[in-house]
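Observations on the model geometry
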Amino acid sequence: MSTKKVRVRFAPSPTGGLHLGGVRTVLYNYLFAKQNNGDFIVRIEDTDQTRFVAGAEEYIFKCLEWCGLTPDESPLHGGSYGPYRQSERKENYRKYAEELVEKGFAYYAFDTAEELEAKRKEIANFQYSQHTRSSMKNSLTLSAAAVETLLNNHTPHVIRIKMPENEHISFTDMIRGEVSFNSSQVDDKVLLKADGMPTYHLAVVVDDHLMQISHAFRGEEWLPSAPVHILLWQYLFGLENMPQWAHLPLILKPDGNGKLSKRDGDRLGFPVFAMDWTDPKTNETTTGFKEKGFLPEAFVNMLAMLGWNDGTDKEIFPLQELVEKFSLDRVHKGGAKFDYEKAKWFNHEWIKKLPTANLQWQVAGLLKAGGIQVSDEHALEKVIAITKERCTFLNDFTEQASFFFKRPAIIDIDAVRPKWNEQKNLFFTELIRTYRLTQFWQAADLEKDFKEIAAVNTIKPGELMLPLRIMLVGGKFGPGVFEIAEILGKEETVSRIEHVLSLLEH
Ligand code: GLU
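Notes on the structure follow. Starting afresh in each chain, residues are numbered from 1 along the sequence in its written order. pLDDT decides what is reported in this predicted model: residues at 70 or higher carry local features, side-chain atom pairs at 80 or more are listed and counted, and totals for whole chains, interfaces and linings draw on all residues regardless. To obtain the side-chain values, all non-hydrogen atoms of the structure were used and water was disregarded.

Things to note about the overall build of the chain
Our working rule: Under the DSSP-based scheme used, a helix requires at least four consecutive residues in state H or I and a strand at least two consecutive residues in state E, with every element numbered from the N terminus. For every residue, the accessible area obtained with a 1.4 Å probe (protein chains only) is divided by the maximum for its type, and the residue is called buried under 20%, exposed over 50%, and partly exposed between those limits. Using the Shrake-Rupley algorithm and a 1.4 Å probe, accessible areas are obtained, with residue cover drawn only from the displayed protein chains. Positive charges come from Lys and Arg alone, negative charges from Asp and Glu alone, with His and the N- and C-terminal ends not counted. One atom stands in for each charge, and that atom is NZ of Lys, CZ of Arg, CG of Asp or CD of Glu.
The helix and strand inventory of the chain stands at 20 helices and 13 strands. Every one of the 506 residues in the chain was classed for burial, and the buried ones make up 52%. In the structure as shown, the chain presents an accessible area of about 23600 Å², 50% of it carried by carbon and sulfur atoms. One way to put it: in the chain the 61 positive side-chain charges average out to a point 2 Å from where the 70 negative ones average out.

Following this line, the structure appears as structure tokens:
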């Protein structure tokens, strides 16, 4: 590795929800930076004004915050290479585009939208390239004097790269190894638009240079653009200063057939965005992993494993351990199939693994949203400890924990009534009496009393367990029924049993 300070960047265009593939790009950048005592930069690539979406940038930072992947430099966090929004760096770019024209690596193109449209009609799959540029209106076909007049008259124009003929362009990708392209197959991309804004191609190269980016990791979908970027580096700054590239494998649909899209999530019923995203135009909200009930620890861990492993079977990694173990050598070249069941498994593992204290405020928040204010922190801790095994999503705690703090609103009485009889009624009446008198309110004691009374009344305890559960919980779920009673306490337990007995009388 070079001795340059490691500086990596995530460079999103703020156009909508943050796809999990984007978060994985953030993660791999972050891990690499932290492992090498480097800097992780977020640069907002917002030069395409037509794609501006209100709130999208703010949303991206919220997602990163939720994931715990804090940038060292960004429009939000500051830094000495700012501004970190390309729209605020507009004046930087023109001079590089002009420099390319002067050196003969780029040219002015004056074709109007109508002229281009006419060409597209005339030639199927028309591309502005070395094969067509000689029949277009540009500084290569017009005389120098004509070009000067057009420029002096402020005629709208763009600057395009002049792709060389039949040149071999290659670079070493940190994941893919040697990658090469033939320059004749690449079109003359626009570098500077008529509104004076750079396109992504020019801006990415200029800013990676000015921000002294040492390594550029991005999704595989950018690989076809790499030859343009390599040439721009060569023409403007010299290849030796170019960042090292790594194109990360795609995240594929569960069946492996193409890139995972938001639509796949909608179709198959799982989130694709990190957090809820509301499209400001349609007002339509797409559910995110956070709101679905994923822990950030699980989400990040799951993403790390989509395309990487540490060479063993180990799958559960806290972020700090990922920082230590991550290596680009072990990132796969091929796409990684997204498996929602596996994502759920990660979440369940993390719910079980996290110390109860870390879950406490989140569960308290969920209960509060459901109208339950928990005042007994100690009880909540116990509730989490005995219910977390049953929760795949954080939101499952709403069902699993609410009844501890609030009497169930719905009681599944029909699950009890068909087999209810006077003998059972007597049993529960006696149970209430015993429970009222008992000095020991521990699950084991409560179970012992329960079984003794059942034996005296010659009823199988198995037949009494379900009614007791329905009395305390309202339905057929939850952890061990005597553990529930222990947490509910004497008064509440007895009162819930009495309440259901009275319902059964009618
Ligand atoms: N602005 C590009 C995007 O939206 C970034 C590509 C890159 O990292 O070079 O993904």
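Let us keep going from here.
Comments concerning the site of the ligand
Condition: Proximity criterion: a residue is near a molecule or strand once any of its heavy atoms comes within 4 Å of it. Polar contacts, as counted here, are pairs of nitrogen or oxygen atoms within 3.5 Å of one another; within protein the pair requires one atom able to donate a hydrogen and one able to accept it, and residues that are adjacent in sequence qualify only if both atoms are side-chain atoms. Three classes are used: nonpolar for Ala, Val, Leu, Ile, Met, Phe, Trp, Tyr, Cys and Pro, charged for Asp, Glu, Lys and Arg, and polar for all others, with Gly counted as polar.
Taken together, Arg-9, Ala-11, Ser-13, Glu-45, Tyr-200, Val-204, Arg-218 and Trp-222 form the complete shell of residues around the ligand. Side-chain polar atom of Tyr-200 to an oxygen atom of the ligand: 2.6 Å apart, as the coordinates give it. In this structure, an oxygen atom belonging to the ligand sits 3.1 Å away from a side-chain N or O atom of Arg-218. Burial of the ligand by the surrounding chains reaches 84%, relative to a free accessible area of 300 Å². Taken together, the residues of the shell around the ligand break down into 4 nonpolar, 1 polar and 3 charged.

Some thoughts on helix 14 (residues 377–387)
Helical periodicity: at 3.6 residues per turn, an α-helix aligns residues three or four positions apart in one direction. Rules: Throughout, the arc means that of the directions going from the helix axis to the C-beta atoms.
When helix 14 is considered as a whole, its buried residues turn out to be Ala-379, Leu-380, Val-383, Ile-384 and Thr-387. Taken around the axis of helix 14, the buried residues stretch over an arc of 135°, which confines them to a single face. N-capping of helix 14 is provided by Asp-376, with a side-chain oxygen placed 3.1 Å from the backbone N of His-378.

A short note on the environment of Tyr-340
The line we're drawing: Residues are treated as being in contact if the distance between any of their heavy atoms lies within 4.5 Å.
Among the secondary structure elements, Tyr-340 is positioned in helix 12 (residues 340–353). For Tyr-340 and Pro-271, which are 69 residues apart along the polypeptide, the C-alpha to C-alpha distance reads 8.9 Å. Among all residues touching Tyr-340, those that are not within four sequence positions of it are Gly-269, Phe-270, Pro-271, Phe-289, Lys-292, Phe-294 and Phe-393.

Topic: the layout of surface pockets
Short version of the rule: Computed over the protein atoms alone on a 1 Å grid, cavities are sets of points where a 1.4 Å probe fits but cannot get out and pockets are open sets with protein on both sides within 12 Å along at least five of seven lines; a residue lines them when it has an atom within 4 Å of a point. Grid points are joined across faces, edges and corners, and a volume is the space filled by probe spheres set on the points.
The calculated volume of the largest pocket comes to roughly 1100 Å³. As for the largest pocket, its lining consists of 41 residues, of which Pro-12, Ser-13, Thr-15, Glu-221 and Trp-222 are closest to the centre. When residues of the lining of the largest pocket are assigned to their parent elements, the largest contribution, 4 residues, is made by helix 1 (residues 20–35). Grouping the constituent residues of the lining of the largest pocket by class yields 16 nonpolar, 13 polar and 12 charged. Size it by volume and the second largest pocket reaches roughly 450 Å³. Lining the second largest pocket are 22 residues, and of these Trp-66, Pro-296, Trp-361, Gln-362 and Leu-394 lie nearest its centre. For the lining of the second largest pocket, the elements supplying multiple residues, two or more each, are helix 2 (56–67), helix 9 (289–292), helix 10 (296–304), helix 11 (319–325) and helix 13 (356–369). No other element matches the 5 residues that helix 13 contributes to the lining of the second largest pocket. Residue classes in the lining of the second largest pocket are distributed as 14 nonpolar, 5 polar and 3 charged.

Re the sheet that holds strand 7 (residues 190–192)
The criterion, for reference: One requirement defines pairing of two strands: DSSP has to find at least two bridges between them. In this description, a line fitted to the C-alpha atoms serves as the axis of each element, helices being fitted only across the stretch in contact, and the angle between N-to-C directions of two axes falls anywhere from 0 to 180 degrees.
Taken in spatial order, the 3 strands line up as 3-4-7 in an open sheet, and their pairing is antiparallel. Each end of this open sheet is capped by a strand with a single partner; those strands are strand 3 (106–109) and strand 7. The sheet shows a mean angle of 40° between the axes of neighbouring strands, direction not considered. Two strands pair when backbone bridges link them, and strand 4 (residues 158–161) and strand 7 are joined in this way by 2 bridges, in the antiparallel orientation.

Some thoughts on the side chain of Arg-43
If you trace the backbone, Arg-43 turns up in the loop between strand 2 (39–42) and helix 2. Here Glu-45 takes part through its side chain, which lies 2.9 Å from a polar atom of the side chain of Arg-43. Within the structure, Arg-43 has its side chain in polar contact with the side chain of Asp-208 (distance 2.9 Å). Beyond its immediate stretch of four places on either side in the chain, Arg-43 contacts Arg-9, Phe-10, Ala-11, Pro-12, Tyr-84, Gln-86, Val-204, Asp-207, Asp-208, Met-211 and Ile-213.

Focus: the packing of aromatic side chains
The condition that has to hold: Ring geometry is summarised as follows: Phe, Tyr and Trp rings, the Trp one being its six-membered ring, pair when their centres sit within 6.5 Å, and such pairs are stacked at plane angles under 30 degrees, edge-to-face over 60 and tilted between the two. Both a distance and an angle decide whether a charge sits over a ring: NZ of Lys or CZ of Arg must be within 6 Å of the ring centre and within 35 degrees of the ring normal.
What the rule picks out here adds up to 30 aromatic pairs. Judged by centre distance (5.2 Å) and plane angle (85°), the rings of Phe-427 and Phe-450 are edge-to-face. Taken together, the residues Phe-427 in helix 16 (residues 422–437) and Phe-450 in helix 17 (residues 443–456) connect sequence positions 23 residues apart. By relative accessible area, Phe-427 is classed as buried at 0%. A connected cluster of aromatic rings, assembled from ring pairs, spans Trp-66, Phe-270, Phe-289, Phe-294, Phe-299, Phe-338, Tyr-340 and Phe-393. The ring of Phe-393 carries Lys-292 above its face, with NZ or CZ at 5.3 Å from the centroid. Here the guanidinium or amino end of Lys-314 rests over the ring plane of Phe-317, the centre of that ring lying 4.9 Å away.

Geometry only, nothing functional implied.
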